[in-house]
There are 2 protein chains.
Amino acid sequence: MRQYNIAVLGATGAVGREMLKILEEYHIPVGRLLPLASSRSAGSTVPFKGEAIRVEAAGKDSFAGMDFVLGAVKSPMARDFAPAIVDSGAVFIDNSSAFRMDPEVPLVVPEINGADARSNNGIIANPNCSTIITAVAIGGIAALSPIESMVACTYQAVSGAGQGGLVELEEQMAALARGEAVRPKVFPTQIAMNVIPFIGAFTPNDYTDEEMKLQNEGRKILHLPELKVTCTCVRVPVMRSHSIAVTLRTKRKISVAEACEAIRAFPGCRLVEDCQGRNYPTPLDTSGQDLVWVGRVREDLTDENGLALWCCGDQIRKGAAANAVQILQYLIS
Amino acid sequence: MRQYNIAVLGATGAVGREMLKILEEYHIPVGRLLPLASSRSAGSTVPFKGEAIRVEAAGKDSFAGMDFVLGAVKSPMARDFAPAIVDSGAVFIDNSSAFRMDPEVPLVVPEINGADARSNNGIIANPNCSTIITAVAIGGIAALSPIESMVACTYQAVSGAGQGGLVELEEQMAALARGEAVRPKVFPTQIAMNVIPFIGAFTPNDYTDEEMKLQNEGRKILHLPELKVTCTCVRVPVMRSHSIAVTLRTKRKISVAEACEAIRAFPGCRLVEDCQGRNYPTPLDTSGQDLVWVGRVREDLTDENGLALWCCGDQIRKGAAANAVQILQYLIS
């Protein structure tokens, strides 16, 4: 069996560490594993298949001999390293937003448009976390009839802000338990015992860039260039699973029964019919696994052709690391 | 100045206690104050104007001489006591859902339909908490052009489940801080570090009764019998303020500027333009006060005549106790 040399760029962050776990869990045939990070983290180790692998400082010459580079760094660094990765002959599967809307770069959720990944020029983009989870949840319905529009409200975990977000929620909870004041650093205000209706940065239409991703990236992934999405992105004090309440309008009317059947049959999805006596998922239920759980499927009372549903998925896994490894898995299969 | 004898039925619960505070804060001219509760709580005291007032056991003969009875008990008890209250000649301002949809009973948010309160037959209903907060937030827009439909996703505080909900979140947070397991009692599953997309009980159309209140009660309060609402009610680990992400469609197109002007001018509302450097409210900002704070007003990208907004309000105050006292204040003004 062929083996693949795989580098993880940003191997010490929340997403990078999860990529290493998932490469192992999925039994990806890894030849050499190369964990890369900033010079600050170089020399530390990360666990892989029972060994402690030394983290190396990422440089433009780090990628020689690699087949794949999984990117778990922010956009500026992804942009900075991409040419060197492509020149080295490796395929760069990038979790940042740097190349997602580049028409030359496929933007891939394997269950939906895996085939797009094959026509890459060395870079494949991993979509935004909420977009991946929503796309998988509605993928089965979209295959029955094109989705024309969508109203989505998110309940996003702090892991979306990386390791710093996870630490901030834990620190704030501990401070509150001790009766101490909370000092926000990563988030614009207190997130423990609060919700924050603002993620990312404002764009000229008063939506945030995070909110516009569901429309912009959704159009590209679902091959629905006319898709209209109104999104409200809200941070909630949950560690690592995002939830999204979706109301959508399809071209032809889809019944609740038909929609449930499509969700049940869709790869990467679990239709929640019984979960500890509940028929709806919560973010805690979906933490630490890769399926998107969907429940609360019902008719939209405002639109004859509308449906409403609720979905949850692990932000670090299916929303980031697992989707990237699944793209790699698709390409080597 | 005329003084009014006022009983609070359920004076020891989260909403009842707040009613006492608000009667005092609003300088309601109270003659006799009569705190009533179950026989279990009788004999304890509640604070009012610097005194400790003895709580009496509620009975059918408790209401003689009262001008108003503020109800802060659940529906079955409200139904049980209502005839005795009406027979006594007092006006019953009831916070339960028992009489809200009764065509003989006005359902009142004073900023919107205060005048409806005047034509009562002894009972006036206080609406559901999320409905009050949403109605105040959209009241100014509705006055410009009728609202035809609405998609609402809620982020509801644990106080909506009463004192038990507040205690449960605090206990779960403390248990997690000690590394102990969480045992849900009030909520169907863990609420600390989680969100739960289910409040109330299922109805035949797969919406919960809590979700249907926004359409049913909204129609009555806003005098919009055709209003269509798709609602998803979600419990979040926040103590006492509800937030609602609203997307609405008006009969004629309302610009964002026009909507903001209407919200700014609407009584009971605060348009959030600057709140500690943010131009959006969070539930923590609105705890312990009576205004509904509105922000994130923007065009709905899915509908030419649509608008999206975000609002927060204190569930125990404007969502329950303050609205009830404001109805009383309206009637005596």
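Residues numbered from 1 in each chain as written. Chains lettered and ligands numbered in written order. Predicted model: local features only at pLDDT ≥ 70, side-chain atom pairs only at ≥ 80, totals over all residues. Heavy atoms only, no water.

With that settled, the discussion passes to the packing of helix α4 (residues 129–144) of chain B against helix α6 (residues 209–222) of chain B. Residues and elements named next belong to chain B. Two elements in contact, α4 and α6, have axes whose closest approach is 10 Å; the angle formed by their N-to-C orientations is 45 degrees. If you check the angle between α4 and α6, you find them oblique. In terms of crossing hand, the pair formed by α4 and α6 is right-handed. Contacts between α4 and α6 pair Ser130, Thr131, Thr134, Ile138 and Ala142 from the former with Glu210, Lys213, Leu214, Glu217, Gly218, Ile221 and Leu222 from the latter. (Axes fitted to C-alpha atoms, helices over the stretch in contact; angles between N-to-C directions. Helix = DSSP H or I, 4+ residues; strand = E, 2+ residues; numbered from the N terminus. Parallel < 35°, antiparallel > 145°, perpendicular 65-115°, else oblique. Left-handed = near helix turned anticlockwise from the far one by under 90°. Contact = heavy atoms within 4.5 Å.)

A separate point is the nonpolar core. Where a protein is soluble and globular, its nonpolar side chains tend to be buried together. Counting residues in each nonpolar core, the largest one holds 96 residues, and the members touching the most others are A:Ile6, A:Leu23, A:Leu70, B:Ile6, B:Leu23 and B:Leu70. By size, the runner-up hydrophobic cluster in this structure holds 58 residues, among which are A:Ala7, A:Ile85, A:Val256 and A:Leu271. (Core = buried A, V, L, I, M, F, W, Y, C linked by side-chain atoms within 4.5 Å. Buried < 20%, exposed > 50% of the residue type's maximum accessible area, 1.4 Å probe, protein only.)

Bringing α6(B) into the picture now. Helix length check: α6(B), at 14 residues, gives a terminal C-alpha distance of 19 Å against a target of 20 Å (1.5 Å per residue), a fit within 8%. Counting buried positions along α6(B) gives eleven out of 14 residues, so the element sits mostly inside the fold. Every buried residue belonging to α6(B) is among B:Glu210, B:Glu211, B:Met212, B:Lys213, B:Leu214, B:Gln215, B:Glu217, B:Gly218, B:Lys220, B:Ile221 and B:Leu222, and all of these are buried. On its buried face, α6(B) is in contact with β13 (292–299) of chain A together with α3 (110–113), α4, β9 (147–155) and β10 (228–232) of chain B. (Expected span 1.5 Å × (residues − 1).)

Right, let's get into the confidence of the model for chain A. Chain-level pLDDT for chain A is 97 on average; 100% of the residues reach the 70-or-more range. Scoring the predicted complex yields pTM 0.97 and, for the interface, ipTM 0.96. (pLDDT = per-residue confidence, 0-100.)

With respect to the helices and strands, B:Arg278 occurs in the loop between β12 (269–271) and α8 (283–286). Taking relative accessible area as the criterion, B:Arg278 reaches 5% and is therefore assigned buried. Here B:Tyr280 takes part through its backbone oxygen, which lies 3.2 Å from a polar atom of the side chain of B:Arg278. If we skip the residues at most four places from it in the chain, B:Arg278 touches A:Thr189, B:Val272, B:Glu273 and B:Asp285. (Polar contact = N/O pair within 3.5 Å; in protein donor to acceptor, adjacent residues only side chain to side chain.)

Across the contact, 55 residues belong to chain B and 55 residues belong to chain A. Here chain B and chain A share four salt bridges between them. Between A:Glu211 and B:Arg298 there is a salt bridge whose closest N-O contact spans 3.7 Å. At the junction of chain B and chain A, the tally comes to 24 residue pairs in polar contact (both at pLDDT 80 or more). Secondary-structure elements contributing two or more residues to the side of chain B that touches chain A are β9, α5 (163–177), α6, β10, β11 (241–250), α8, β13 (292–299) and β14 (306–314) of chain B. When residues of the side of chain B that touches chain A are assigned to their parent elements, the largest contribution, six residues, is made by β9(B). Residue classes in the side of chain B that touches chain A are distributed as 32 nonpolar, 15 polar and eight charged. (Salt bridge = Lys/Arg side-chain N within 4 Å of Asp/Glu carboxyl O. Nonpolar A, V, L, I, M, F, W, Y, C, P; charged D, E, K, R; others polar.)

Bringing the relation of the copies chain B and chain A into the picture now. Between chain B and chain A, which share one sequence, the superposing operator has a rotation angle of 180 degrees and an axial displacement of 0.0 Å; the RMSD is 0.0 Å. The symmetry that links the two subunits is that of a two-fold axis. (Least-squares fit on C-alpha atoms with pLDDT ≥ 70 in both.)

Residues and elements named next belong to chain A. Taken across its six residues, strand β1 (residues 4–9) has five buried, putting it largely inside the fold. Relative to strand β2 (residues 30–37), β1 runs parallel, the two being bridged by five bridges. Within β2, the position partnered with Val8 by the bridge is Pro35. Following the backbone out of β1, through helix α1 (residues 14–25) and into the adjacent parallel β2, one traces a crossover that is right-handed. Here β1 runs beside strand β6 (residues 68–71); their pairing, made up of four bridges, is parallel. Paired with Val8 across the two strands is Leu70, which belongs to β6. (Pairing = 2+ DSSP bridges. Right-handed = clockwise from strand over helix to strand, strands pointing away.)

This part takes up the sheet that holds β2(A). All names here are of chain A. Judged by pairing direction, the sheet is parallel, and its six strands sit side by side in the order β5-β2-β1-β6-β7-β8 without closing on themselves. The open sheet has two free edges, formed respectively by β5 (56–57) and β8 (123–125), since each of these has just one partner strand. Of the strand pairs in this sheet, β2 and β5 are connected by two bridges, and their pairing is parallel. Residue pairing for β5: Ala37 is matched across the bridge by Ala57. The sheet strands contacting helix α2 (residues 75–88) are β1, β6, β7 (91–94) and β8, and the helix crosses β7 at an angle near 160 degrees. Along the sheet face, helix α9 (residues 317–332) touches β1, β6, β7 and β8 and points at about 160 degrees away from the line of β6.

This paragraph deals with the sheet that holds β13(B). Residue and element names in this part refer to chain B. Ordered in space as β10-β9-β11-β14-β13-β12, the six strands form an open sheet in which the pairing is mixed. The sheet is open, and its two borders are formed by β10 and β12, each paired with just one other strand. For this sheet, the mean inter-axis angle between neighbouring strands, taken without regard to orientation, is 25 degrees. Examined bridge by bridge, β12 and β13 share three bridges and lie parallel to one another. Residue Leu271 lies in a different strand from β13, and its bridge partner there is Val294. Each of β9 and β10 is contacted by α6, which is oriented at about 155 degrees to β10, the strand it contacts most. Against the sheet, helix α7 (residues 256–265) engages β12, β13 and β14, with an angle of about 170 degrees to β13.

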